[in-house]
Amino acid sequence: MEMADIQSLAIRIKKNVQTVIIGKEMVIDQLVIALLSSSHVLLDDVPGMGKTILANSLSQSISGKFKRIQFTPDLLPSDVTGIHFFNQKQGEFEFREGPIFTNILLADEINRATPRTQSSLLECMEERQVSIDGETHSLTKPFMVIATQNPVESQGTFPLPEAQLDRFLMKIEMGYPSKEEGIAILKRFKQGNPLEGIKAVASQEEIRAAQDLYSSVHVSDDLLDYIIQIVEATRNHEEIELGVSPRGSQALLKAVQVHAILQGRSFVLPDDIKALIKPVLAHRLVIDQMSQLKQGYEHELLDEIIKHIPVPSEEELLKGVK
């Protein structure tokens, strides 16, 4: 597989998802970036915005396994990962796989589960494995968690801890459709659910090949320094109590490499970084209590940080590209 093949793969998946989802081109791009970089996504928006339909559309676009878990307060960790049970016929304990053993897992309303159950995903998302009763079980590749949550409802919910949020490559907000998009949605869905007719346009082998190749996209030392300057600025800002971790800087690097491929390039430019700073870094910031009262203030802080950091010259960057 070549870089151009990854771009072609991404375009196929995107067009297939767009047979169901109206508009939201940037959101779909970000979801595809997460898939091809072997990462996870948190879809954060009010009910009825199409979060579950979007996740279903992506999963059905690749020929892999898809499972959905409805997170509730009484959900147990074993309901997610699996359990050993005694098989009376065989006279021994057997492992029964939980829904985590899939290619794409939709964790619907993840913030309705208790912290104990939420934490059962930590090892799965980071290590691609599950440890149960002293035994380690590897997850299949590709493996991706698409979690959804409703940010405006607090009753009966448990906010995701920072350690859990840090496992998600991006936190994506879909937003309301425009008037024209709203009309198009009504027309598309009035005759039935287009999700029922969607077919796979990519194989698991293609996804795995893309996940193995994207990291070879060229990133200059100047751009690596630019990323670290942004990250360090979040750690030293007076209104930010906890800045971006090394995992966050690595996540940004992965995302911009895939973004460059989607733009038809084998090298990263500053625009790739600017396009993904907010969805990749904003949810990793812990801001002070007064600033928390301002909705979306994390984005404002990142805008402020970017303004004060010199952007590497594009001409100089291109000189180092073979």
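Analysis parameters
Residues numbered from 1 in each chain as written. Predicted model: local features only at pLDDT ≥ 70, side-chain atom pairs only at ≥ 80, totals over all residues. Heavy atoms only, no water. Core = buried A, V, L, I, M, F, W, Y, C linked by side-chain atoms within 4.5 Å. Buried < 20%, exposed > 50% of the residue type's maximum accessible area, 1.4 Å probe, protein only. Contact = heavy atoms within 4.5 Å. Helix = DSSP H or I, 4+ residues; strand = E, 2+ residues; numbered from the N terminus. Polar contact = N/O pair within 3.5 Å; in protein donor to acceptor, adjacent residues only side chain to side chain. Axes fitted to C-alpha atoms, helices over the stretch in contact; angles between N-to-C directions. Left-handed = near helix turned anticlockwise from the far one by under 90°. Nonpolar A, V, L, I, M, F, W, Y, C, P; charged D, E, K, R; others polar. Patch = residues over 30% accessible without salt bridge, like charges linked within 9 Å, V, L, I, M, F, W, Y side chains within 5 Å. Areas by Shrake-Rupley, 256 points an atom, 1.4 Å probe, with all protein chains shown as cover. Salt bridge = Lys/Arg side-chain N within 4 Å of Asp/Glu carboxyl O. Lys, Arg positive; Asp, Glu negative; His and termini not counted. Charge placed at Lys NZ, Arg CZ, Asp CG, Glu CD. Phe/Tyr/Trp six-rings, centres within 6.5 Å; stacked < 30°, edge-to-face > 60°. Lys NZ or Arg CZ within 6 Å of the ring centre and 35° of its normal. Pairing = 2+ DSSP bridges. Expected span 1.5 Å × (residues − 1). Arc of directions from axis to C-beta.

Here the focus is the nonpolar core. Ile13, Leu36 and Ile273 are the most contacted members of the largest nonpolar core, which totals 68 residues. The residues touching Ile273, leaving out its near neighbours within four places in the chain, are Leu223, Tyr226, Ile227, Ile230, Leu252, Val256 and Val268.

This part is about the side chain of Thr117. Summarising the element assignment, Thr117 is placed in helix H5 (residues 115-118). Of the polar contacts made by the side chain of Thr117, one reaches the backbone oxygen of Leu75; its length is 2.5 Å. Excluding its chain neighbours within four sequence positions, the residues that come into contact with Thr117 are Phe71, Leu75, Leu76, Pro77 and Val80.

This paragraph deals with the packing of helix H2 (residues 25-36) against helix H11 (residues 246-262). Interhelical geometry of H2 versus H11 gives an angle of 115° and a closest axis separation of 9 Å. Crossing handedness for the pair H2 and H11: right-handed. For the pair H2 and H11, the contacting residues are Asp29, Ile33 and Leu36 in the first and Ala255, Val258, His259 and Leu262 in the second. Its residues assigned to classes, the contact of H2 with H11 comprises five nonpolar, one polar and one charged.

On the surface, Asp221, Asp222, Asp225 and Glu232 cluster together into a patch of negative charge. Tracing the sequence through the fold places Glu232 in helix H10 (residues 221-236).

Bringing the pattern of salt bridges into the picture now. In the structure shown here, the tally under the stated rule is 13 salt bridges. Close ionic contact of Glu205 with Arg208 constitutes a salt bridge, the shortest N to O distance being 3.4 Å. Pair noted here: Glu205 and Arg208 are both in helix H9 (residues 204-213), with a separation of three residues, about one helical turn. Take Glu205: its relative accessible area is 52%, and that puts it in the exposed class. Residue classification places Arg208 among the partly exposed residues on the basis of a relative accessible area of 25%. Residue Asp272 is joined to Arg265 by a salt bridge in which the shortest nitrogen-to-oxygen separation is 2.8 Å. Across the pair, Arg265 and Asp272 agree in class, each one buried. Residues joined in a network through salt bridges with shared partners are Glu126, Asp166, Arg167, Arg247 and Arg284.

In this section: unusual backbone geometry. For residues besides glycine, phi is generally negative; the peptide bonds are generally trans as well. A cis amide bond, omega 5°, links Lys141 with the succeeding residue Pro142. Non-glycine residue Glu109 carries a positive phi angle of around 55°. As for its position among the elements, Glu109 is in the loop between strand E5 (104-108) and H5. Here Glu109 falls in the partly exposed class, since its relative accessible area comes to 28%.

Let's shift gears to the environment of Glu196. Turning to its location among the elements, Glu196 is positioned in the loop between helix H8 (179-189) and H9. By relative accessible area, Glu196 is classed as exposed at 70%.

Moving on, we get to the packing of aromatic side chains. Working definition: an aromatic ring pair is given by the centre-to-centre distance plus the angle between the planes. Enumeration according to the criterion identifies one aromatic pair in this entry. Over the ring of Phe267 we find Arg265, and its NZ or CZ is 5.8 Å from the ring centre.

Moving on to the sheet that holds strand E1 (residues 41-44). Pairing within the open sheet is parallel, and its five strands lie in the order E2-E5-E8-E1-E9. Each of the sheet's edge strands pairs with one partner strand only, and the pair in question is strand E2 (66-70) and strand E9 (170-172). Mean inter-strand twist for the sheet, computed between neighbouring axes without regard to direction, equals 20°. Strand direction decides the pairing type here: E1 and E9, joined by three bridges, are parallel. Its bridge partner lying in E9, Leu42 is registered against Lys171. Those strands touched by H2 are E1, strand E8 (144-149) and E9, and its axis lies near 155° from that of E9.

Think of an α-helix as turning once every 3.6 residues; residues three or four places apart then point the same way. Here H10 is 16 residues long and its end C-alpha atoms lie 22 Å apart, about the 22 Å a rise of 1.5 Å per residue gives. Leu223, Tyr226, Ile227, Ile230, Val231 and Thr234 are the residues of H10 that are buried. For H10, the angular spread of buried residues about the axis comes to 130°, placing them on one side. H10 presents Asp221 and Asn236 as exposed residues on the side facing more than 90 degrees away from its buried surface.

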